[in-house]
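This is what each chain is made of:
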Amino acid sequence: MIVGSILADAVGHLIDHIADLPPAIIGILPPVAAVLHLRRFYILDGPVQCRLCPSVSRAVTASAGSFDHFTLNESAQGTVKEGAITPDGKLVLRLYYDRETFTLTFMDGETELESRQVRHGAAITAPTPEKAGYDLGWTPSVPDVMPAADSTYTTVWTARGDTPYKVEHYLQNADDGSYTLADTDSLTGKTDDSVTAAAKTAYAHYAVNPDAAGAVPTGTIRADGSPVLRLYYDLEMPPSTS
């Protein structure tokens, strides 16, 4: 015996075509139609039968997005590019994008200190070369993370103002005219600056002899502490009593 054959035919006709309707239209249908969108029931002379609506099992493929400095990696582990929509809504498509890499280079003058490929946005640390008597800097300034472009940074060496140097003071011996080291001044100045030794006035009856062998009254401050400036003092001759 056919139960509700007219109603069944009408509902069946609706379900046959509901898959072709836009989701927005389906959303405003009566609740019973919305339910039948998921399952179609035929009321026949025998047992109740059902089948999934084609719109529920429709196959879909993910479309790649566009992101600055990222490239789609189709072989990335975990990629789910396509699948069939299921009634439980559990289908999740996944696409993975790799960060682009750029060349990071550090130079000291014409000498390459380091060059490597780095993903943009990754933390970067500059090398730490040393140069005696100078403080290290970079131009341009090194950022905390890798820019989205090939980047080169060059050392800037700034002369230190505390580079040590020495001045030695030698006094002439009365007996043989030779010289003996009397004092050493430990001083500091700016690397590569020119300096002139200042004569001491504390040596009574001595005068600087600028022509003495070994005298170094001026020089340039070097990071290695050279040269050492040297001043020689001659004994003053006592006034003649004749």
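In what follows, the structure referred to is the one given above.
Conventions adopted
Residues numbered from 1 in each chain as written. Predicted model: local features only at pLDDT ≥ 70, side-chain atom pairs only at ≥ 80, totals over all residues. Heavy atoms only, no water. Salt bridge = Lys/Arg side-chain N within 4 Å of Asp/Glu carboxyl O. Helix = DSSP H or I, 4+ residues; strand = E, 2+ residues; numbered from the N terminus. Buried < 20%, exposed > 50% of the residue type's maximum accessible area, 1.4 Å probe, protein only. Pairing = 2+ DSSP bridges. Axes fitted to C-alpha atoms, helices over the stretch in contact; angles between N-to-C directions.

(A) Quick look at the pattern of salt bridges. Tallied over the entire structure, the rule returns seven salt bridges. When the shortest N-O distance is used, the salt bridge between D185 and K200 registers 3.3 Å. Here the residue D185 occupies a position in strand β12 (residues 179-189), and K200 occupies one in the loop between β13 (194-196) and β14 (206-208), the gap between them amounting to 15 residues. Take K200: its relative accessible area is 28%, and that puts it in the partly exposed class. One salt bridge connects R222 with D192, and the closest N-O pair in it is separated by 3.3 Å. Taken together, the residues span a long stretch of sequence, with R222 in the loop between β15 (218-220) and β16 (229-235) and D192 in the loop between β12 and β13 at a distance of 30 residues. Residue classification places R222 among the partly exposed positions, given a relative accessible area of 39%. What emerges from the salt-bridge pattern is a single network uniting D135, R160 and D162.

(B) Just the sheet that holds strand β10 (residues 151-159), in detail. Taken together, the four strands give an open sheet; going across it, the order is β8-β7-β10-β9, and neighbouring strands pair in mixed fashion. Each having just a single partner strand, β8 (111-119) and β9 (134-139) make up the two edges of the open sheet. The sheet shows a mean angle of 25 degrees between the axes of neighbouring strands, direction not considered.

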